[in-house]
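This is what each chain is made of:
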Amino acid sequence: MIITVDGPSGSGKGTLCQLLAAKLGYHLLDSGALYRLTALAITRAGVSLGDESAVAAVARELAVVFNVSAQEQSVILQGADVSAEIRREEVGMLASQVAAMPLVRAALLQRQRAFVESPGLVADGRDMGTVVFPEAEVKVFLTASSEERAKRRFLQLQERQVQGKGESPNMAVILADIEDRDARDRSRAASPLVPATDALQIDSSTMPIDAVLAEVLVQVSQRLASLESGLT
Ligand code: C5P
């Protein structure tokens, strides 16, 4: 069973995928982390964005381990925990530039498909239902208005600032970054952010995450029931 969840950043995909994986006991693929790791690794290695083959080689050779527990997911790159570092705004911005490169997408394709494991996988990304797992049994495309997504990000960053882990966030800058990243993700030639034709589209702007989860779980149980009864 493969469940794909695609959508723009801040739509609630990450939270939805973690809840789905925990509830169903499925494995989780955070594909955005692979693009973020590639961005971080090229910065560290001093590889230029202008050299697509070199960036793709870094993506292909990423020495990464995902540690997933019920409480949290940590990401280890070359033996060091980079979970917090890959979530930084500038890494996300660079990730979206790296993600527009066809050679990088090709380099990460098999690595993403290798996450498929029994009893099931929840895959979080932009092209999970269209390119990486077109055969997925359940596909979700989750959106929310850019203002709502910027507000969510602002609150997250504000919380981090209170914990002494970052600078004070600026709403206008966050909104501009979100719109910039969306435009790049939607307009790129390689695997643009578009809903799969067979995806269930949900707008989470005014919907609590529990309601989104409940709607997706209904789809999953209907699909499981039809698979068990031999229908497709
Ligand atoms: O989801 P997240 O914000 O971590 O992803 C970081 C960036 O990686 C996105 O802005 C997008 O450009 C890229 N990405 C992608 N395809 C995916 C997952 C992420 O292009 N499947």
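Quick caveat: nothing in here was measured; it's all calculated off a predicted structure.

> What should I look at first to understand the nonpolar core in this one?
Considering soluble globular proteins, one finds that nonpolar side chains tend to be buried as a cluster. The biggest cluster of nonpolar side chains holds 35 residues, and the ones touching the most others in it are L29, L37, L77, V82, I86, V104 and F133. Every element with two or more residues in this core is listed here: α2 (31–45), α3 (52–60), β4 (73–77), α4 (89–98), α5 (102–113), β6 (121–125) and α6 (128–132). Excluding its chain neighbours within four sequence positions, the residues that come into contact with F133 are I2, T4, L29, Q112, R113, V116, L121, A123, M128 and K139. By size, the runner-up hydrophobic cluster in this structure holds 19 residues, among which are I3, L28, V122 and V138.

> What is the right way to look at the pairing of β6 in this model?
The two faces of the sheet receive side chains in turn, since in a regular strand these alternate between them. Counting buried positions along β6 yields 5 of 5 residues, so the element is predominantly enclosed. Burial along β6 is two-sided: L121, A123 and G125 and V122 and D124, pointing in opposite directions, are all buried. Taken together, the 5 bridges between strand β1 (residues 2–6) and β6 define a ladder with parallel strand orientation. Bridge pairing links T4 to A123 in β6.

> Can you help me understand the packing of aromatic side chains in this one?
Geometrically, a pair of aromatic rings is defined through the distance of the ring centres and the angle of the planes. Applying the stated rule across the entire model yields 1 aromatic pair. With a centroid separation of 5.8 Å and 70° between ring planes, the pair formed by F66 and F115 is classed as edge-to-face. Of the two residues, F66 is situated in strand β3 (residues 64–68) and F115 in the loop between α5 and β6; the sequence distance between them amounts to 49 residues. Owing to a relative accessible area of 22%, F115 belongs among the partly exposed residues under this scheme.

> Explanation requested: the packing of helix α1 (residues 13–24) against helix α9 (residues 209–228) in the structure shown.
Helix packing geometry: the angle between the two helix axes and the distance between the axes. Here α1 crosses α9 at 50°, and the two axes come no closer than 10 Å. The pairing of α1 with α9 is recorded here as oblique in orientation. Considering only the axes of α1 and α9, their crossing is right-handed. In this structure, α1 uses T15, L16, L19, L20, K23 and L24 to contact α9, whose residues at the interface are I209, V212, L213, V216, L217 and V220. When its residues are assigned to classes, the contact of α1 with α9 shows 10 nonpolar, 1 polar and 1 charged.

> I keep staring at the sheet that holds strand β8 (residues 200–203) and nothing clicks. Help me out?
Think of a sheet as strands paired side by side through backbone hydrogen bonds, with each pair either parallel or antiparallel. Ordered by their spatial adjacency, 5 strands build an open sheet running β2-β6-β1-β7-β8, and the pairing between neighbours is parallel. A single partner strand is all that each edge strand has here, and the edge strands are β2 (27–30) and β8. Averaged over neighbouring strand pairs, the angle between their axes works out to 20° when direction is ignored.

> How should I be thinking about the pattern of salt bridges in this particular structure?
Opposite charge on two side chains lets them pair, provided their charged atoms get close. Counting across every chain of the model gives 13 salt bridges. The partner of E148 in a salt bridge is K151, and the shortest N-O contact between them spans 3.4 Å. Here the residue E148 and the residue K151 both occupy positions in helix α7 (residues 146–162), the gap between them amounting to 3 residues, near one helical turn. The residue E148 makes a salt bridge to R152 at a minimum N-O spacing of 3.1 Å.

> Can you help me understand the site of the ligand in this one?
In the vicinity of the ligand there are 17 residues, among which R36, R105, R126, D185 and R188 approach most closely. S31 is positioned with one of its side-chain polar atoms (N or O) 3.0 Å from a nitrogen atom of the ligand. Side-chain polar atom of R181 to an oxygen atom of the ligand: 3.0 Å apart, as the coordinates give it. Here the ligand has 450 Å² of accessible area as a free molecule, and 96% of this is covered by the chains. For the shell around the ligand, the elements supplying multiple residues, two or more each, are α2, α4 and α8 (171–187). Broken down by element, the residue count for the shell around the ligand peaks at 4 residues, all from α2. Looking at the shell around the ligand, its residues break down into 4 nonpolar, 4 polar and 9 charged.

> Sorry, what's going on with the sheet that holds β4 here?
Read across the sheet, 3 strands follow the order β3-β4-β5 without closing on themselves; strand pairing throughout is antiparallel. Looking along the sheet, the strands with just one partner apiece sit at the ends: β3 and β5 (80–81). Two strands pair when backbone bridges link them, and β4 and β5 are joined in this way by 2 bridges, in the antiparallel orientation. Across the sheet, residue L77 finds its bridge partner in β5, namely A80. Packing against the sheet, α2 makes contact with β3 and β4, and its axis sits at approximately 35° to β4.

Cut-offs and rules
- Residues numbered from 1 in each chain as written.
- Predicted model: local features only at pLDDT ≥ 70, side-chain atom pairs only at ≥ 80, totals over all residues.
- Heavy atoms only, no water.
- Core = buried A, V, L, I, M, F, W, Y, C linked by side-chain atoms within 4.5 Å.
- Buried < 20%, exposed > 50% of the residue type's maximum accessible area, 1.4 Å probe, protein only.
- Helix = DSSP H or I, 4+ residues; strand = E, 2+ residues; numbered from the N terminus.
- Contact = heavy atoms within 4.5 Å.
- Pairing = 2+ DSSP bridges.
- Phe/Tyr/Trp six-rings, centres within 6.5 Å; stacked < 30°, edge-to-face > 60°.
- Axes fitted to C-alpha atoms, helices over the stretch in contact; angles between N-to-C directions.
- Parallel < 35°, antiparallel > 145°, perpendicular 65-115°, else oblique.
- Left-handed = near helix turned anticlockwise from the far one by under 90°.
- Nonpolar A, V, L, I, M, F, W, Y, C, P; charged D, E, K, R; others polar.
- Salt bridge = Lys/Arg side-chain N within 4 Å of Asp/Glu carboxyl O.
- Near = heavy atom within 4 Å.
- Polar contact = N/O pair within 3.5 Å; in protein donor to acceptor, adjacent residues only side chain to side chain.
- Areas by Shrake-Rupley, 256 points an atom, 1.4 Å probe, with all protein chains shown as cover.

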